[in-house]
Amino acid sequence: MTHATHRTDHLPTLRPFHTADAPTVARLVTESVRGHWTYAPEYLCEGAPGTRPTRLVAEHGGQVVATARLAPFGEGVPDALRLDVAGDPASFTPLLLAQLAEVPAGFRRVLGVTREDFMEQMTFFAAAGFRNAWQSWGAHLDLTTFDPAPFEGLQERLFLAGYEPERLSPDAPEADWDALYALQQTGVRDQPRNPTTMPDPLTRDGLRDVIRREEAAFVTRWRGQIVALTRLTPRGTEVDSEGTVTHPDHRRRGVMTALKARALTWAKGESHTHAGTGGTVLNLPMLRVNTRLGYCTERMWITWEKDL
């Protein structure tokens, strides 16, 4: 299927994205998130011949001035498409209408995610009939000034009560991976989530493989049993925290605060300078833990929803 070209005297020319557009589109998308992430041109590819283009561009005066991508949101939200827009706000509505004209079968809603201070996207989603459905928070910690000393008393009290934190060895026995997966599934079941904070499904072996390949996992044992887990993903000088969960029988005792303090101390010792984390605003226990640890929250991320 080819995408029709749309043009009027007052609207931009819309067409599918081509690889030659990658440098301009990468710049537009990076600017749209205020440099929060950097998008490299080499990761932007046009679709295979005969398939529906997931990314469109808007041209004006022969120059690409805006772009929109509509693609599956992720495995954790199988009924949703995600719309991302960047560039000239005047082109967002034509791009949206062109994308909606060729929505693939099997999806019932479109989601958009933007930070509350990205006003061009916020204004567009509100005007286009999306509803402000969920709010998420992000937070960062300066590890160069992180001091683990205030948490030593808590860690000592927990140790006397039988709690022992450690970094999980990649060569841990199979019983540990079984326990870790069961705990991770408990977190998926219990923790408040929204589409933006919904993790992709992981099998037991998938969890083990991702930890071995790219993460540092920290656990707390109580009488030998794994009762808490937090995972760090190193990304250059930063580490991202995810997969944090405490067994229901051991919550509200400071176990996770102590474990994350241990993990952050490790990260600082490995010369990482910043730590990031985030989640839905509904997860108040995790917000409290990160506040105690010294994380500074950023502007909220808004997930907008529109039914198809």
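See above for the structure.
Residues numbered from 1 in each chain as written. Predicted model: local features only at pLDDT ≥ 70, side-chain atom pairs only at ≥ 80, totals over all residues. Heavy atoms only, no water.

Engineer: Let's hear about the nonpolar core: which residues, and what values?
Structural biologist: Judged by nonpolar contacts, the single largest core of 29 residues is most densely connected at Leu141, Leu143, Phe146, Leu264, Ala275, Leu293 and Tyr295. Those residues in contact with Leu264 that sit more than four places away from it in its chain are Leu141, Leu143, Phe146, Ala275, Leu293 and Tyr295. By size, the runner-up hydrophobic cluster in this structure holds 21 residues, among which are Ala58, Phe92, Met122 and Ile302. (Core = buried A, V, L, I, M, F, W, Y, C linked by side-chain atoms within 4.5 Å. Buried < 20%, exposed > 50% of the residue type's maximum accessible area, 1.4 Å probe, protein only. Contact = heavy atoms within 4.5 Å.)

Engineer: Could you give an account of the pairing of strand S5 (residues 109–115), with specific residues and numbers?
Structural biologist: Among the seven residues that make up S5, seven are buried, leaving the element largely enclosed by the rest of the structure. Because side chains alternate across S5, one face comprises the buried residues Arg109, Leu111, Val113 and Arg115, and the other comprises Val110, Gly112 and Thr114, equally buried. Sheet topology places strand S4 (residues 80–87) next to S5; three bridges connect them, and they run parallel. Across the sheet, the residue bridging to Ala80 is Arg109, located in S5. Chirality of the crossover, the property in question, places the unit of S4, helix H2 (residues 92–100) and S5 among those that are right-handed. Pairing of S5 with strand S13 (residues 301–307), which is carried by seven bridges, proceeds in the antiparallel orientation. If you follow Val113 over to S13, its bridge partner there is Thr303. (Helix = DSSP H or I, 4+ residues; strand = E, 2+ residues; numbered from the N terminus. Pairing = 2+ DSSP bridges. Right-handed = clockwise from strand over helix to strand, strands pointing away.)

Engineer: An account of unusual backbone geometry is requested, with residue identities and associated values reported.
Structural biologist: Positive phi is not limited to glycine here, since Arg223 has a value of about 55°. You can see Arg223 is positioned in the loop between strand S8 (216–222) and strand S9 (225–235). Its identity is not glycine, yet Arg252 carries a phi of approximately 65°, on the positive side. Examined against the element boundaries, Arg252 turns out to sit in the loop between strand S10 (238–246) and helix H7 (255–269). We classify Arg252 as exposed; its relative accessible area is 79%.

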